[in-house]
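# Structural description and commentary
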Amino acid sequence: MPRITMREAISQALWEEMERDPKVFILGEEVGVWGGTYAVTKGFYDHFGEKRVKDTPIAEAAIIGAAIGAAMTGQRPVAELMTINFAFSAMDHIVNEAAKLHYMFAGQFVLPMVIRAVGGGGRQLGATHSQTPDAVFAHFPGLKVVSPGTPEDAKGLLKAAIRSDDPVLFIEHATMYQVRGEVPDGDFVIPIGKSKVQRPGKDVTIVTYSKGLEISLKAAEVLAKEGIEVEIVDLRSLRPLDMEPVIESFKKTNRAVIVEEGWKSYGVGSEVAARIYEQAFDYVDAPVKRVAQKEVPLPYNRTLEQLALPQIADVIQAVKEVL
Amino acid sequence: MEKSVYLEMFYQMVVIRRLEDAAAQLYQQGKIGGFLHLYIGQEAVSTGLISPRKPQDRVITAYRDHGVAINCGLSSNEVMAELLGKATGCTKGKGGSMHMADVKKNFWGGHAIVGAHLPLAAGLALGDQYQGSDGVTICMFGDGATNIGYFHEGVNLSKVWKLPVLWVCENNLYGMGTTVERASAVSEIRQKAEGYGIPNERVDGMDILAVRRASAKALDYVRAGSGPYFLEIITYRFRGHSMGDPERYRQAEEVKCWQEENDPIGFYHKHLVDNGIASADELAALDRKAAQEIAEAVRFAESSPEPAPEALWEHIYTE
């Protein structure tokens, strides 16, 4: 299997879906002539033309609103938000329109749309441009929230998102575009809403996704040298949330650490921990630990920024604490 | 214009007036919950506006949507049933007063967040443009919506992309209880369209024929591929913003003056009779028919079943 980057995987998924289905089109800030600020849509404008690769004004409510409207007419728009931090400018359209129109109008409106958004910290972009608010969006029924941690998942899940008739928020991590991984050739789709064991183990269950997967895999390598075998379950989708592989793993290890980049309070870890206690209380041998971002607005200074973000060492320490 | 068109518009206006009167009573009896925004006084706007549309033209509006629903061809039965939250309502009791729709009638809702549906309207028009349809999206909103960012983002985008959308501001002089002058930098809302280089017109919304003429002209312009058009239609709501509005922000005399001297139905009635288009008897018969239709709609709604408990879990996702 070829080893390609996360960027290439996402780009391939978009390209292939646009070739497959003329209803698919892209809109967003600098997606066209510029080629995408993270270069994901480089070459698209020249190949697919202005009609299908639409540069928009810097107006997020218009971008998401127009995507919703176009989806209602049967198109399959993929709207790009340059960063997920700009989603707040389109918050109403994401959580109050996209997430609700199908339900509120008793199924009359169908919204086959994807919002691609770049999230995460670690690039010294300061507090307003570095957030990981994934859990905020996962709070809303009606929206699907997907965030891949490997190139293979990125490609397969983005294809599934584009083919889905429901609105999907697809969150890519800003520091992971160069991550390489094996991706099968040709067309494949990974169903949304299935967690996956990314590394088997027997001692502790790590539940994570996106950037958390990257640091958890590295922590696992270190721990393995000390004879500790962690099992890593990648959620891949925050809504719907597939707890089955998590619970299955936990019943084996009886210990869990949840790793996420967002803030701890009211976060993904809070939800997963609560569900572990609800669904597998009899199997708990140690309190579930959460590794997350320090509860501060992310600072610009590199040292301070890294101090706030969850690190490999934090994961290792948490694993040892639950053992 | 054919006589039948004149009479159909008259009939729709009296149906809306009677539907809203009945809804107000049902609200006071506690049979309608939530908010209830009545269209009484503004009937000529959406009736005149929608009358010349073609089947491929989409309509999308704000939360004061019962009248618009009727003009789009929804039955009084399903509108009234929705107000009562019944399973037979146009959105099966899920949407209520502010969220009516019928895709088959090209009515794309009832949207309750002020201004938020303008970018959606741009998207509907984008879909038509993408598909090469000659349909026009008619997007209605109140004067209050023109002060929020969504308005500016949506209207700007429509001009930049030359979208087939007809923007229609129903200026009823108050955003809830705040006068246009106290909330908007310009009191002539059409000036905002001017700022975006969009051709525009200000129309007397109490004169249904003036509204219809302006709408037909604007639809032709947009349909020809010339880009968006903007109508500001001056109107007045005879009732409060919603039920339970104490109306401290305006004088009873002001309301009375509009009701007595500028009632769009009375105005149109006089026009039809004075010009020999219809007799007073014919119009009275239409009004009686409307009264019967609404009485039947109330019976239908009251005797309709509640949504089943399972409906709670339907339509969150498509699959």
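Sequence order as written defines the numbering, with residues in each chain counted from 1. In the order they appear in the text, chains get letters beginning with A and ligands get numbers beginning with 1. Only residues with pLDDT of at least 70 are given local features in this predicted model, and only at 80 or more are side-chain atom pairs given and counted; all residues enter the totals for whole chains, interfaces and linings. Where side-chain values are given, they derive from all heavy atoms of the structure, hydrogens and water being excluded.

Residues and elements named next belong to chain A. A pair of strands is considered paired only if DSSP assigns at least 2 bridges between the two. Strands are runs of DSSP state E lasting at least 2 residues, helices are runs of H or I lasting at least 4, and numbering of each runs from the N terminus. Strand order in the open sheet formed by 5 strands is β9-β11-β10-β13-β14, and the pairing between neighbours is mixed. In the strand order of this sheet, the two ends are held by β9 (196-199) and β14 (289-293), each with one partner. Looking at each pair of strands side by side, their axes are set apart by 25° on average, direction ignored. Bridge count between strand β10 (residues 204-208) and strand β13 (residues 256-263): 4 bridges; the pairing is parallel. Directly across from Thr-208, in β13, lies its bridge partner Val-259. To get an axis, fit a line to the C-alpha atoms, keeping to the stretch in contact for a helix; angles then go from 0 to 180 degrees between the N-to-C directions.

Residue and element names in this part refer to chain A. Strand order in the open sheet made by the 7 strands is β3-β2-β4-β5-β7-β6-β12, with mixed pairing throughout. Strands with a single pairing partner mark the edges of an open sheet, and in this sheet they are β3 (53-55) and β12 (237-239). Across the sheet, the mean angle separating the axes of adjacent strands is 20° when strand polarity is ignored. Sheet topology note: the strand β4 (residues 76-81)/strand β5 (residues 114-119) ladder contains 4 bridges and is parallel. Note that in β5 the partner of Ala-79 across the bridge is Ile-115.

What follows is about the side chain of Thr-150 of chain A. Residue and element names in this part refer to chain A. Turning to its location among the elements, Thr-150 is positioned in the loop between β6 (144-146) and α7 (151-163). Judged by relative accessible area, Thr-150 falls into the buried class, the value being 17%. With residues up to four places along the chain from it excluded, the contact list for Thr-150 reads Met-6, Gln-198 and Leu-213. Categorising residues by exposure relies on relative accessible area from a 1.4 Å probe, with only protein chains included: less than 20% of the type maximum marks a residue as buried, more than 50% marks it as exposed, and the intermediate range marks it as partly exposed. Should any heavy atoms of two residues lie within 4.5 Å, those residues are counted as being in contact.

With that out of the way, let us pick up the confidence of the model for chain B. The predictor reports its confidence for every residue as pLDDT, a score running from 0 up to 100. In the predicted model, chain B carries a mean pLDDT of 97, and 100% of its residues have values of at least 70. For this predicted complex, the interface score ipTM comes out at 0.96, while the overall pTM is 0.97.

Next up on the list: unusual backbone geometry. For the peptide bond that leads from Arg-239 of chain A to Pro-240 of chain A, omega is -5°, which places it in the cis range. Structurally, Pro-240 of chain A is set in the loop between β12 and α9 (244-253). The phi angle at Ala-106 of chain A is positive, at roughly 55°, despite the residue not being glycine. With respect to the secondary-structure elements, Ala-106 of chain A resides in the loop between α5 (101-104) and β5. Its relative accessible area of 8% is what places Ala-106 of chain A among the buried residues. Its identity as a non-glycine residue notwithstanding, Asn-106 of chain B has a phi of 60°, on the positive side. Checked against the element boundaries, Asn-106 of chain B lands in the loop between α4 (76-83) and β2 (107-110).

It is worth spelling out the interface of chain B and chain A at this point. Listed as interface residues are 38 residues of chain B and, on the opposing side, 45 residues of chain A. Reported buried area values correspond to the accessible surface (1.4 Å probe) lost by two parts on association, with both partners' losses combined. At the boundary of chain B with chain A, total buried surface from both sides reaches about 3400 Å², with 65% on carbon and sulfur atoms. By convention in these notes, a salt bridge is any Lys or Arg side-chain nitrogen within 4 Å of a carboxyl oxygen on Asp or Glu. On inspection of chain B and its partner chain A, the count reaches 1 salt bridge. A salt bridge links Lys-144 of chain A to Glu-319 of chain B, with the shortest nitrogen-to-oxygen separation between them at 3.1 Å. Any N or O atom pair separated by 3.5 Å or less is treated as a polar contact, with the protein-specific requirement of one donor-capable and one acceptor-capable atom, and with residues adjacent in sequence counted only for side-chain atom pairs. Summed over the shared surface of chain B and chain A, the result is 21 residue pairs in polar contact (both at pLDDT 80 or more). When residues of the side of chain B that touches chain A are traced back to their parent elements, those giving at least two are β2, α5 (117-131) and α6 (149-160) of chain B. The element best represented in the side of chain B that touches chain A is α5 of chain B, accounting for 8 residues.

This next bit is on the environment of Met-243 of chain B. All names here are of chain B. Position of Met-243 relative to the elements: it lies in the loop between β8 (229-234) and α10 (252-261). The spacing of Met-243 and Leu-38 is 205 residues in sequence and 7.9 Å in space, taken between C-alpha atoms. Not counting the four nearest positions on each side in its chain, Met-243 is found in contact with Ala-24, Tyr-27, Gln-28, Leu-36 and Leu-38.

Before going further, it helps to examine the packing of helix α3 (residues 60-72) of chain A against α6 of chain B. Look at α3 of chain A against α6 of chain B: their axes get within 8 Å of each other, and the N-to-C directions meet at 65°. Taken together, the axes of α3 of chain A and α6 of chain B lie roughly perpendicular to each other. Taken as a pair, α3 of chain A and α6 of chain B cross one another with a handedness that is right-handed. Together, Glu-60, Ala-61, Ala-62 and Ala-66 of chain A of α3 of chain A and Tyr-150, Glu-153 and Leu-157 of chain B of α6 of chain B make up the contact between the two elements. Residue type decides the class: Asp, Glu, Lys and Arg count as charged, Ala, Val, Leu, Ile, Met, Phe, Trp, Tyr, Cys and Pro as nonpolar, and the leftover types, Gly among them, as polar. A breakdown of the residues in the contact of α3 of chain A with α6 of chain B according to their chemical character gives 5 nonpolar, no polar and 2 charged. Angle categories: roughly parallel below 35 degrees, roughly antiparallel above 145, roughly perpendicular from 65 to 115, and oblique for all the rest. By definition, turning the near helix anticlockwise from the far helix through less than a right angle yields a left-handed crossing, and turning it clockwise yields a right-handed one.

Attention now goes to helix α1 (residues 3-28) of chain B. Two residues of an α-helix separated by three or four positions point the same way, owing to the 3.6 residues in each turn. Across its 26 residues, α1 of chain B extends 38 Å between first and last C-alpha, which sits within 8% of the 38 Å expected from 1.5 Å per residue. Immediately downstream of α1 of chain B, the backbone of Gly-30 of chain B shows phi near 80°, a positive value. One fewer than the residue count of a helix, multiplied by 1.5 Å, yields its expected span.

Residue and element names in this part refer to chain B. Counted at 1.5 Å a residue, the expected span for helix α12 (residues 280-303) with its 24 residues is 34 Å, and the 35 Å between its end C-alpha atoms agrees. Buried within α12 we find Leu-283, Leu-286, Ala-290, Ile-294, Ala-297, Val-298 and Ala-301. On its buried face, α12 sits against α1, α4 and α11 (264-274).

Let us look at the domain arrangement of chain A. All names here are of chain A. Note: domain ranges come from an automatic or database domain assignment. Taken domain by domain, chain A comprises domain 1 (3-182) and domain 2 (196-322). Here the C-alpha centre of domain 2 lies 26 Å away from the C-alpha centre of domain 1. Facing 32 residues of domain 1, the contacting portion of domain 2 comprises 28 residues. Here domain 1 meets domain 2 over a buried area of about 2200 Å², counting both sides, of which 51% is carbon and sulfur. It is Gln-124, Thr-132 and Ser-147 that lose the most area in domain 1 upon contact with domain 2, and together they represent 24% of the buried surface on that side. Our count for the contact surface shared by domain 1 and domain 2 stands at 1 salt bridge. Where Arg-236 meets Asp-153, a salt bridge forms, and the shortest distance between an N and an O atom there is 2.8 Å.

We describe a pair of aromatic rings using the distance from one ring centre to the other and the angle between the two ring planes. Only rings of Phe, Tyr and Trp enter the pairing, Trp through its six-membered ring, and a pair is recorded when the two centres are within 6.5 Å. The plane angle decides the type: under 30 degrees is stacked, over 60 is edge-to-face, the rest tilted. For the coordinates displayed, the defined rule picks out 18 aromatic pairs over all chains. Ring geometry for Phe-44 of chain A versus Phe-48 of chain A: centroids 5.8 Å apart, planes at 45°, classification tilted. Taken together, the positions of Phe-44 of chain A and Phe-48 of chain A, both in helix α2 (residues 44-48) and 4 residues apart, correspond to about one turn of that helix. Ring centres of Phe-141 of chain B and Phe-151 of chain B lie 5.7 Å apart, and the angle between their planes is 70°; on these two criteria the pair is classed as edge-to-face. Of the two residues, Phe-141 of chain B sits in strand β3 (residues 137-142) while Phe-151 of chain B sits in helix α6, which places them 10 residues apart along the sequence. Owing to a relative accessible area of 2%, Phe-141 of chain B belongs among the buried residues under this scheme. Put simply, the rings of Tyr-174, Tyr-236, Phe-238, Tyr-249 and Trp-258 of chain B touch in pairs and so form one group of aromatic residues. Sitting over a ring, as applied to charges here, requires NZ of Lys or CZ of Arg to be within 6 Å of the ring centre and within 35 degrees of the ring normal. Positioned over the ring face of Tyr-130 of chain B is Lys-51 of chain A, at 4.4 Å from the centre of the ring. Of note, Arg-250 of chain B hangs over the ring of Tyr-174 of chain B, and the distance from its end group to the ring centre comes to 5.8 Å.

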